[in-house]
Amino acid sequence: DEARDESDVFDSPALRKLFSKFIDAVGCAVAGLHDSTRLVPMLTQLGRRHMSYGVQERHFQTLGRAFNLTLGEILGPSFTQDVEGAWTMAYNF
């Protein structure tokens with residue numbers, strides 16, 4: 001709803017929708033790691049689409065850092081260096 005106040009990012013429907021799309025894309029990438037013939041075109045198309053939105057390389061870097069921080073908070077002690085490295089590699093693919 002356009003009229004809704006989006007100043008509270010923790011209660012933002014738009015941000016929740018965007019986060020859901022992000023998690024879905026990461027999940028698809030992780031699930032598709034075994035089939036690069038499908039994964040690479042999907043990620044290439046996703047990257048092109050975001051470039052058309054005006055997204056820049058620095059935005060991806062910021063989102064990647066935020067994603068790792070969020071995973072660290074959610075997973076707690078289970079978020080080891082190996083887990084962080086695996087997610088970072090998948091995200092940076």
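A few points on the structure. (Residues numbered from 1 in each chain as written. Predicted model: local features only at pLDDT ≥ 70, side-chain atom pairs only at ≥ 80, totals over all residues. Heavy atoms only, no water.)

**Here we look at helix α1 (residues 13-31)**
So, step 1. Spanning 19 residues, α1 covers 27 Å between terminal C-alpha atoms, matching the ideal 27 Å at 1.5 Å per step.
So, step 2. By the burial criterion, the buried members of α1 are F22, V26 and A29. Viewed along the axis of α1, the buried residues span an arc of 60°, placing them on a single side of the element. Across α1 from its buried face, at more than 90 degrees, point the exposed residues R16, K17 and K21. (Helix = DSSP H or I, 4+ residues; strand = E, 2+ residues; numbered from the N terminus. Expected span 1.5 Å × (residues − 1). Buried < 20%, exposed > 50% of the residue type's maximum accessible area, 1.4 Å probe, protein only. Arc of directions from axis to C-beta.)

**Some words on the packing of α1 against helix α2 (residues 36-52)**
So, step 1. Look at α1 against α2: their axes get within 10 Å of each other, and the N-to-C directions meet at 155°. It follows that α1 is roughly antiparallel to α2 by the angle criterion. Between α1 and α2 the crossing geometry is left-handed. Between α1 and α2, the contacting residues are A25, C28 and A29 on the first element and L39, M42, L43 and L46 on the second.
So, step 2. Among the residues making up the contact of α1 with α2, the classes are represented as seven nonpolar, no polar and no charged. (Axes fitted to C-alpha atoms, helices over the stretch in contact; angles between N-to-C directions. Parallel < 35°, antiparallel > 145°, perpendicular 65-115°, else oblique. Left-handed = near helix turned anticlockwise from the far one by under 90°. Contact = heavy atoms within 4.5 Å. Nonpolar A, V, L, I, M, F, W, Y, C, P; charged D, E, K, R; others polar.)

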